[in-house]
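Each chain, written out:
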Amino acid sequence: AQRVTQPEKLLSVFKGAPVELKCNYSYSGSPELFWYVQYSRQRLQLLLRHISRESIKGFTADLNKGETSFHLKKPFAQEEDSAMYYCALNQYNQGGKLIFGQGTELSVKP
Amino acid sequence: ETGVTQSPTHLIKTRGQQVTLRCSSQSGHNTVSWYQQALGQGPQFIFQYYREEENGRGNFPPRFSGLQFPNYSSELNVNALELDDSALYLCASSLDFTGELFFGEGSRLTVL
């Protein structure tokens, strides 16, 4: 069965420290993966997708098919990065039907 | 460019009642998806509408139904409400079948 797992409910780091939010998936086909973010009192919004391979707000994520992972990384965390982060899997050929992980709350302390 | 808007933002119902939630999609988008987000959980896919037709459904009972209108706005209807239906209901629009969704702020439903 298709599944997305984010093992950490809460990740707390100090400003300037590296951040890695973990995401593992289970999917038999060719996955399309996303990271969505929800800042305090804002709506859920797309942060990045693995196909574009771009860096958004200093965050990057690499799809590792061997380890079935799509971890989100940032070398130096900022206080404004504090938010809920959701990893999501788009089932191949079923566009827009995302399977979300449970989310990781990132708290960046000054 | 108008974003995704949902109404109402909050509502309280009692068990057994029916509820209708509404969503206006982002300008230019023809696909609307609905998600249920229980407290402390990630969003869970309910169903998707593309050009007024249901285009996929998650693991939700038939008492969850929907509509999409010619202007691509959408409704989510839930009949015979149960306590476990208490959640945040998110609407998301997109252009065709992309996983790049634009979300509304949600409708928070409380069932007593």
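As shown above, the structure is provided for reference.
None of the values given here were measured: they were computed from a predicted structure. (Residues numbered from 1 in each chain as written. Chains lettered and ligands numbered in written order. Predicted model: local features only at pLDDT ≥ 70, side-chain atom pairs only at ≥ 80, totals over all residues. Heavy atoms only, no water.)

A. How the structure looks around the overall build of chain B. When its secondary structure is counted, chain B shows 0 helices and 11 strands. For chain B, the N- to C-terminal ordering of α and β elements is β-β-β-β-β-β-β-β-β-β-β. Relative to the compact-globule value of 13 Å for 112 residues, chain B shows a C-alpha radius of gyration of 13 Å, a close match. The 112 residues of chain B split such that 48% are buried. Residue pairs in contact within chain B that sit at least 24 positions apart in sequence constitute 52% of those at least 6 positions apart. Counting only carbon and sulfur atoms, one obtains 48% of the accessible surface of chain B, whose full area is about 5,300 Å². Both charge centroids of chain B, one from 7 positive and one from 11 negative side chains, sit 9 Å from each other. (Helix = DSSP H or I, 4+ residues; strand = E, 2+ residues; numbered from the N terminus. Rg over C-alpha atoms; globule rule 2.2 N^0.38 Å. Buried < 20%, exposed > 50% of the residue type's maximum accessible area, 1.4 Å probe, protein only. Contact = heavy atoms within 4.5 Å. Areas by Shrake-Rupley, 256 points an atom, 1.4 Å probe, with all protein chains shown as cover. Lys, Arg positive; Asp, Glu negative; His and termini not counted. Charge placed at Lys NZ, Arg CZ, Asp CG, Glu CD.)

B. Spotlight on the state of the cysteines. A full pass over the atoms with the stated rule returns 2 disulfides over all chains. The disulfide that involves C23(A) links it to C87(A), with 2.0 Å between the sulfurs. Negative torsions about the S-S bond denote left-handed disulfides, and the value of about -65 degrees found for C23(A) with C87(A) makes this one left-handed. With C23(A) in the loop between strand 3 (19–21) and strand 4 (24–26) and C87(A) in strand 9 (residues 83–90), the pair connects residues that are 64 residues apart, well separated along the chain. Per residue, the accessibility class of C23(A) equals that of C87(A), and both read buried. Between the sulfur atoms of C23(B) and its disulfide partner C91(B) the distance amounts to 1.8 Å. Disulfide C23(B)-C91(B): torsion about the S-S bond near -65 degrees, hence left-handed. Of the two residues, C23(B) sits in strand 3 (residues 19–24) while C91(B) sits in strand 9 (residues 87–94), which places them 68 residues apart along the sequence. What makes C23(B) buried here is its relative accessible area of 2%. With relative accessibility at 0%, the residue C91(B) sits in the buried group. (Disulfide = S-S within 2.5 Å.)

C. Summary view of the sheet that holds strand 3 of chain B. Residue and element names in this part refer to chain B. Across the sheet, which stays open at both edges, the 4 strands sit in the order 1-3-8-7 with antiparallel pairing between neighbours. The sheet is open, and its two borders are formed by strand 1 (5–7) and strand 7 (64–68), each paired with just one other strand. The sheet shows a mean angle of 15 degrees between the axes of neighbouring strands, taken without regard to direction. Alignment of strand 3 against strand 8 (residues 74–78), held across 5 bridges, turns out to be antiparallel. Bridge pairing links C23 to S74 in strand 8. (Pairing = 2+ DSSP bridges. Axes fitted to C-alpha atoms, helices over the stretch in contact; angles between N-to-C directions.)

D. Structural view of the environment of G66(B). All names here are of chain B. Turning to its location among the elements, G66 is positioned in strand 7. In this structure the C-alpha to C-alpha distance between G66 and E52, which are 14 residues apart in sequence, comes to 9.8 Å. In contact with G66, other than residues within four places in its own chain, are F47, Y49, E75 and L76.

E. Structural view of the pairing of strand 5 (residues 44–50) of chain B. Residues and elements named next belong to chain B. The element strand 5 is extensively covered by neighbouring structure, given that 5 of its 7 residues are classed as buried. Two elements, strand 4 (residues 31–37) and strand 5, share 6 bridges in a ladder whose sense is antiparallel. Its bridge partner lying in strand 5, W34 is registered against F47. Between strand 4 and the antiparallel strand that follows it, strand 5, lie 6 residues; G40 among them carries a positive phi value of about 80 degrees. Here strand 5 pairs with strand 6 (residues 53–57) via 3 bridges, running antiparallel. Across the sheet, F47 pairs through a bridge with R57, a residue of strand 6. Here strand 5 folds back onto strand 6, and the loop between the two strands holds 2 residues, one of which, R51, carries a positive phi near 50 degrees.

F. Quick look at the environment of L112(B). Residues and elements named next belong to chain B. Topologically, L112 is positioned in the segment after strand 11 (107–111). In this structure L112 comes out as exposed when scored by relative accessible area, which is 59%. A sequence separation of 26 residues divides L112 from S86, and the C-alpha atoms of the two residues are 8.5 Å apart.

G. Representation of the layout of surface pockets in the model. Looking at the largest pocket, its volume works out to about 460 Å³. Residue lining of the largest pocket: 23 residues in total, with L98(A), I99(A), P43(B), Q44(B) and F45(B) positioned closest to the centre. Among the elements that line the lining of the largest pocket, the one with the most residues is strand 10 (residues 98–100) of chain A, at 3 residues. Grouping the amino acids of the lining of the largest pocket by side-chain chemistry returns 7 nonpolar, 13 polar and 3 charged. Its volume calculated, the second largest pocket comes out at about 250 Å³. Considering the residues around the second largest pocket, the lining is formed by 14 residues, among which M84(A), Y86(A), Q37(B), G40(B) and Q41(B) are closest to the centre. (1 Å grid on protein atoms, 1.4 Å probe; cavity = no way out; pocket = protein on both sides within 12 Å on 5 of 7 lines; lining within 4 Å. Points joined across faces, edges and corners; volume = space filled by probe spheres on them. Nonpolar A, V, L, I, M, F, W, Y, C, P; charged D, E, K, R; others polar.)

Keep in mind these values describe shape, not function.
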